[in-house]
Amino acid sequence: MKKSKNTPNLNRRNFLAGTASVAGLAATASVVPITFANANHTDGSKGLPDFINWKNRDALIVHSDKGIETHRSAIGEGLITPNANVYIRNNMPTMSDAQIGDRNNWKVSFEGVNNPKSFTLAELKAMGTTTIATVLQCSGNGRGFFEHGPSGSQWQTGAAACVFWTGIPVKTLVDACGGISSGANFMTSAGVDHEPTGLAPKDAMVERSVPKKVYEDALLAWDMNGVPLPNSHGGPLRMITPGYFGINNVKHLGKVAFTADESQVKFMKSSYRISPIGKKGSEYPTCWEMPVKSWITRPTDETGTVKAGKVQIVGVAFGGTRKVKSVKVSVDGGNKWQKAKFIGPDLGKFAWRQFVLETTLSAGTYNIASLASNGKDKQPELRMENRRGYAHNGWKDHSVNITVV
Amino acid sequence: ADEAKMAKGLEIFNETAVCAACHVLKAAGSEGNVGPNLDTVAVTTESVTDIVTNGLGVMPAFGEDEILTKEEIEAVVYFVVNSAGK
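Keep in mind it's a predicted model, so treat the numbers as computed, not measured.

Parameters and conventions
- Residues numbered from 1 in each chain as written.
- Chains lettered and ligands numbered in written order.
- Predicted model: local features only at pLDDT ≥ 70, side-chain atom pairs only at ≥ 80, totals over all residues.
- Heavy atoms only, no water.
- Helix = DSSP H or I, 4+ residues; strand = E, 2+ residues; numbered from the N terminus.
- Buried < 20%, exposed > 50% of the residue type's maximum accessible area, 1.4 Å probe, protein only.
- Contact = heavy atoms within 4.5 Å.
- Areas by Shrake-Rupley, 256 points an atom, 1.4 Å probe, with all protein chains shown as cover.
- Domains from an automatic or database assignment.
- Buried area = accessible area lost by both parts, 1.4 Å probe.
- Salt bridge = Lys/Arg side-chain N within 4 Å of Asp/Glu carboxyl O.
- Polar contact = N/O pair within 3.5 Å; in protein donor to acceptor, adjacent residues only side chain to side chain.
- Nonpolar A, V, L, I, M, F, W, Y, C, P; charged D, E, K, R; others polar.
- Pairing = 2+ DSSP bridges.
- Axes fitted to C-alpha atoms, helices over the stretch in contact; angles between N-to-C directions.
- Parallel < 35°, antiparallel > 145°, perpendicular 65-115°, else oblique.
- Left-handed = near helix turned anticlockwise from the far one by under 90°.
- Expected span 1.5 Å × (residues − 1).
- Core = buried A, V, L, I, M, F, W, Y, C linked by side-chain atoms within 4.5 Å.

Trainee: Before we move on, can you summarise the overall build of chain A with the specific residues and values?
Mentor: In terms of regular secondary structure, chain A is built from six helices and 21 strands. Split into buried and exposed, the 405 residues of chain A put 56% on the buried side. Within chain A, counting contacts between residues at least 6 apart in sequence, those at least 24 apart form 69% of the total. Accessible surface, chain A as shown: approximately 16,500 Å² in total, 49% of it carbon and sulfur.

Trainee: Tell me about the domain arrangement of chain A, and please be specific about residues and values.
Mentor: Residues and elements named next belong to chain A. Split into domains, chain A comes out as domain 1 (45-269) and domain 2 (293-404). Here domain 1 and domain 2 have C-alpha centroids that lie 27 Å from each other. Counting from both sides, the interface comprises 36 residues of domain 1 and, opposite them, 34 residues of domain 2. Of the roughly 2,900 Å² buried at the junction of domain 1 and domain 2 (both faces included), carbon and sulfur atoms supply 59%. Considering only the side of domain 1, the residues that lose the most area to domain 2 are Arg72, Leu79 and Phe146, jointly responsible for 27% of the buried surface there. Put simply, domain 1 and domain 2 have two salt bridges between them. In this structure, the salt-bridge partner of Arg383 is Glu147, at a minimum N-O distance of 3.6 Å. Connecting domain 1 to domain 2 are 16 residue pairs in polar contact (both at pLDDT 80 or more). For the side of domain 1 that touches domain 2, the class distribution of residues is 15 nonpolar, 16 polar and five charged.

Trainee: Tell me what's going on with the environment of Gly144 of chain A, and back it up with residues and numbers.
Mentor: Residues and elements named next belong to chain A. Among the secondary structure elements, Gly144 is positioned in the loop between strand E6 (130-137) and strand E7 (160-169). Taking C-alpha positions, Gly144 is 4.1 Å from Gln154, a pair spaced ten residues apart along the chain. With near-sequence residues (within four places) excluded, Gly144 lies in contact with Gln154 and Trp155.

Trainee: How would you sum up the sheet that holds strand E5 (residues 117-120) of chain A? Please name residues and give values.
Mentor: Strand pairing in a sheet relies on backbone hydrogen bonds, with the paired strands running either antiparallel or parallel. All names here are of chain A. Strands sit in the order E5-E4-E13-E8-E9 across an open sheet of five strands; the sheet is mixed. The sheet is open, and its two edges are formed by E5 and strand E9 (207-211), each paired on a single side. Taken over all neighbouring pairs, the strand axes of this sheet differ in orientation by 15° on average, direction set aside. Alignment of strand E8 (residues 186-191) against strand E13 (residues 253-259), held across six bridges, turns out to be antiparallel. What sits directly across from Ser189, in E13, is Val256.

Trainee: Tell me about the packing of helix H2 (residues 45-54) of chain B against helix H3 (residues 70-83) of chain B, and name the residues and values.
Mentor: All names here are of chain B. For the pair H2 and H3, the least separation of the axes is 9 Å and the interaxial angle reads 130°. Considering their axes alone, H2 and H3 lie oblique with respect to each other. Judged by the sense of rotation from one axis to the other, the crossing of H2 with H3 is right-handed. Residues Thr45, Val48, Thr49, Val52 and Thr53 of H2 pack against Ile73, Val76, Val77, Val80 and Val81 of H3. Each residue belonging to the contact of H2 with H3 can be placed in one class, and the counts come to seven nonpolar, three polar and no charged.

Trainee: Account for helix H1 (residues 3-16) of chain B, with residues named and values stated.
Mentor: In an α-helix there are 3.6 residues to a turn, and that puts residues three or four apart on one side. Residues and elements named next belong to chain B. Between its first and last C-alpha, H1 extends 18 Å over 14 residues, near the 20 Å set by a 1.5 Å rise per residue. Taken together, the buried positions of H1 are Met6, Ala7, Gly9, Leu10, Ile12, Phe13, Asn14 and Glu15. Where H1 begins, the side chain of Asp2 points an oxygen toward the backbone nitrogen of Ala4, at a separation of 3.1 Å. Immediately beyond the C-terminal end of H1, within one or two residues, lies Val18, with a positive phi of roughly 55°.

Trainee: Which residues make up the side chain of His398 of chain A, and what are the values?
Mentor: Residue and element names in this part refer to chain A. Tracing the backbone shows His398 in the loop between strand E20 (364-373) and strand E21 (400-404). Accessibility expressed as a relative area gives 2% for His398, which makes it buried. Apart from residues no more than four positions distant in its own chain, His398 is found in contact with Arg72, Gly142, Phe145, Gln156, Thr157, Lys293, Ser294, Trp295, His392 and Asn393.

Trainee: Explain the nonpolar core residue by residue, including any values.
Mentor: In terms of nonpolar packing, the biggest core is built from 64 residues, with Phe110, Leu124, Val170, Met187, Leu220, Phe258 and Trp352 of chain A touching the most fellow members. Looking at this core, you find at least three residues from each of domain 1 (45-269) and domain 2 (293-404) of chain A. Counting residues in each nonpolar core, the second largest holds 22 residues, with Met6, Ala20, Val76 and Phe79 of chain B among its members.

Trainee: Mind laying out unusual backbone geometry, listing which residues take part and the relevant values?
Mentor: Trans peptide bonds make up the majority, and among non-glycine residues the majority have a negative phi. Residues and elements named next belong to chain A. With an omega dihedral of 10°, the bond running from Gly235 to Pro236 counts as a cis peptide bond. Residue position: Pro236 is located in the loop between strand E11 (227-228) and strand E12 (238-240). In this structure, Pro299 follows Arg298 across a cis peptide bond, with omega equal to -5°. Relative to the helices and strands, Pro299 resides in the loop between strand E14 (293-298) and strand E15 (309-318). One non-glycine residue, Tyr272, lies in the positive phi region at around 65°. Within the secondary structure layout, Tyr272 lies in the loop between helix H6 (266-269) and E14. A positive phi angle is found at Ala391, which is not glycine, with a value near 60°. Tracing the chain through its elements places Ala391 in the loop between E20 and E21. Under the relative-accessibility criterion, Ala391 is labelled buried at 9%.

So, in structure tokens, the structure goes:
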């Protein structure tokens, strides 16, 4: 390889062949280059990467080829978020069909149980099945509202979705393995999507520990909203940890272990730690339980001016690991609050609820906000300042300004 | 753009730090697919300096862990900011 070229034209073959320091990354040969599709989109700025070219471009904001969120106004008209509208946030490249192979032969092992076993997807499907609805939300959803400018995708409200997952309860598999070994404190799930990259597991393996009790609600999902779990969402098998932030819902799942200690990989030990601005370290809490949260989805500043008269203020609310109990809406920036009404079916405590407040607005500008409670906690007014911009549930930043004419 | 600085930044991108292994950047001819495609993200000197220095997710902390010197970080950031999306 030529050093210090001013107008380089370095293809990957030369790069891999000519650079000793890349030898450790030899398996990058199997890494799939991204090419952009001429997707159907309205803003004319960015298409969708090929691996998710089936998504609904009009519903999405593209931060990067690996960070794509749902427009605020594309959430909430239906209770469940259609797959084509669900956000994308990947720590590792999505595995390809070729890398996955025969989906029915996909294997997951169980360790830290009395009789460690490995199951294929076909075997799992024969052992049990159920469906649950959960809110899937990136730890950094709302990062875009932090004023200190934390690095990472500048998510507003749309790194979140409400999804039906079909799969097998982890509890069924724990029973099939003779129960959890004594001394376990955590359920530790590991993906295998780092393997094709050739990067060291301690740096790149998405392995996440959650408190052991989470296994009682957890599911190994192979189906998302009625279709086989797309590769881009972790197919063919994903750990679902209801009420816990997205990162704990490990994609391309290869192993579930009940462990005495938390995983020591980077994604557990140092990433996803909620530390004060200017500080970092594994002594700070990790992104586990989601706090109670809500936001308005209609009308918003995305949906244009609103006609004076009767107005339906619509949104979504969820309680984290507890059922959401109530939502209040303010049209004057939080001075006065009115109780909103839940609408649509209740899909359980881990799903979100749609809410509506019917009100009458005359011409003018309004700041509309929503404030949810799960009976134990309610949304704070302000964000919890932290270095990486995680876990934002303050109602003020999530309010929207609308103009009524 | 300062051509000497660009050349130095390119060398660091492709060889010293091997950013190319994980990122697409047309100007460097790189096609790595672990981190975001740098031609698709909004890059500023401030944000790229922060991420290169402190790391993010699987990305190493090139500054904090002393993989690159301050001058090298400045050069690679200059190269990325002046070539991303072009």
